Amino acid sequence: SKKRVKKRRIKEDQLVTFTVKASQFIQQYFTHVVIGLVVLVVAVGAILVSGHLRRNAARESEREFALAMSQYNLRDLPTAETSFRQIADKYGSHTNGELSRYFLGKTLLAEGKYDDALKAFDRYLSKSAKDAPFRAAASIGKASCMEGLRNFAPAAEVLEELSRTLDAKDPRFFDVLL
């Protein structure tokens, strides 16, 4: 007792229809599909290579920054100055590049190069100063440079402005507020 299926009752299989249409599309636009796939593979490869290079640059900046800090701590100021300049130029957008701008200012200040130190602190404050303690320290460094250049009134203004922005209850800023 076989039942006969009438043509009206046979429904289209959606998977087969989709497969046939996809096959026709690929045959019609084969070159475009291949080019699209190649572009996609190249883009993914570029993203992976870029991430790898960025990680290597971050590691290299850490190594160079550690060396510059040891030079600074050993008071080899001319060498530290050169190192901090190179790091800031080469890795400016990395954390160590930003910190190098600040430490370049400190190094130049310690060397008595007040004009250059003032420029370095201004550059740090305008481009990199995200961390409140370093921003405050850079402002103090800027005021110290101004004092070294005998510009006492502008130095006092910088410190006065700084004292208005600091939280008096934050122990990191106690010395500034005195």
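Now for a look at the structure at hand. All of these numbers come straight from a predicted model, not from anything done at the bench.

Bringing the nonpolar core into the picture now. Within the largest apolar cluster, 25 residues are counted, with the highest numbers of intra-cluster contacts made by F65, F84, Y102, F103 and F121. Elements supplying a minimum of two residues to this core: α2 (30-73), α3 (77-90), α4 (95-110), α5 (114-127), α6 (132-148) and α7 (152-165). Among residues more than four places away in sequence, those in contact with F65 are F84, I87, N96, L99, S100 and F103.

Residue placement: S139 occurs in helix α6. Leave out the neighbours within four places in its chain, and S139 touches L125, V158 and L162.

Here α5 contains 14 residues, and its C-alpha end-to-end distance of 20 Å stays within 8% of the 20 Å for a straight helix at 1.5 Å per residue. When α5 is considered as a whole, its buried residues turn out to be A117, L118, A120, F121 and Y124. Down the axis of α5, the smallest arc covering the buried residues is 165°, so these residues share one side. The exposed set on the far side of α5, more than 90 degrees from its buried face, consists of S126 and K127.

Unusually for a residue other than glycine, R75 sits at a positive phi of about 65°. For R75, the position within the fold is in the loop between α2 and α3. Residue classification places R75 among the partly exposed residues on the basis of a relative accessible area of 49%. Even without a glycine there, the phi angle at R150 is positive, about 70°. Mapped onto the elements, R150 comes out in the loop between α6 and α7.

For the structure shown, the criterion picks out 11 aromatic pairs. A centroid spacing of 6.0 Å and a plane angle of 65° characterise the contact between Y72 and F103, whose relative ring orientation is edge-to-face. Taken together, the residues Y72 in helix α2 and F103 in helix α4 connect sequence positions 31 residues apart. Of the two residues, Y72 and F103, neither departs from the other in class, the shared state being buried. One aromatic cluster is present, formed by F65, Y72, F84, Y102, F103, F121, Y124 and F134 through successive ring pairs. It is R75 that lies over the ring of Y72; its NZ or CZ is 5.6 Å from the centre.

Before going further, it helps to examine the pattern of salt bridges. Taken as a whole and assessed by the stated rule, the structure comprises eight salt bridges. A salt bridge links K142 to D122, with the shortest nitrogen-to-oxygen separation between them at 2.9 Å. Within this pair, whereas K142 is found in helix α6, its partner D122 is found in helix α5, the two being separated by 20 residues in sequence. Taking relative accessible area as the criterion, D122 reaches 31% and is therefore assigned partly exposed. In this structure, E161 engages R164 in a salt bridge whose closest nitrogen and oxygen atoms are separated by 2.6 Å.

Contact pair α6 / α7: the axes reach a minimum separation of 7 Å and the direction vectors enclose 165°. On the basis of the axis angle, α6 is roughly antiparallel to α7. As α6 packs across α7, the resulting crossing turns out to be left-handed. Contacts from A136, S139, I140, K142, A143, M146 and E147 in α6 reach F152, P154, A155, V158, L159 and L162 in α7. A per-class count over the contact of α6 with α7 returns 10 nonpolar, one polar and two charged.

Reading the values: the criteria
- Residues numbered from 1 in each chain as written.
- Predicted model: local features only at pLDDT ≥ 70, side-chain atom pairs only at ≥ 80, totals over all residues.
- Heavy atoms only, no water.
- Core = buried A, V, L, I, M, F, W, Y, C linked by side-chain atoms within 4.5 Å.
- Buried < 20%, exposed > 50% of the residue type's maximum accessible area, 1.4 Å probe, protein only.
- Helix = DSSP H or I, 4+ residues; strand = E, 2+ residues; numbered from the N terminus.
- Contact = heavy atoms within 4.5 Å.
- Expected span 1.5 Å × (residues − 1).
- Arc of directions from axis to C-beta.
- Phe/Tyr/Trp six-rings, centres within 6.5 Å; stacked < 30°, edge-to-face > 60°.
- Lys NZ or Arg CZ within 6 Å of the ring centre and 35° of its normal.
- Salt bridge = Lys/Arg side-chain N within 4 Å of Asp/Glu carboxyl O.
- Axes fitted to C-alpha atoms, helices over the stretch in contact; angles between N-to-C directions.
- Parallel < 35°, antiparallel > 145°, perpendicular 65-115°, else oblique.
- Left-handed = near helix turned anticlockwise from the far one by under 90°.
- Nonpolar A, V, L, I, M, F, W, Y, C, P; charged D, E, K, R; others polar.

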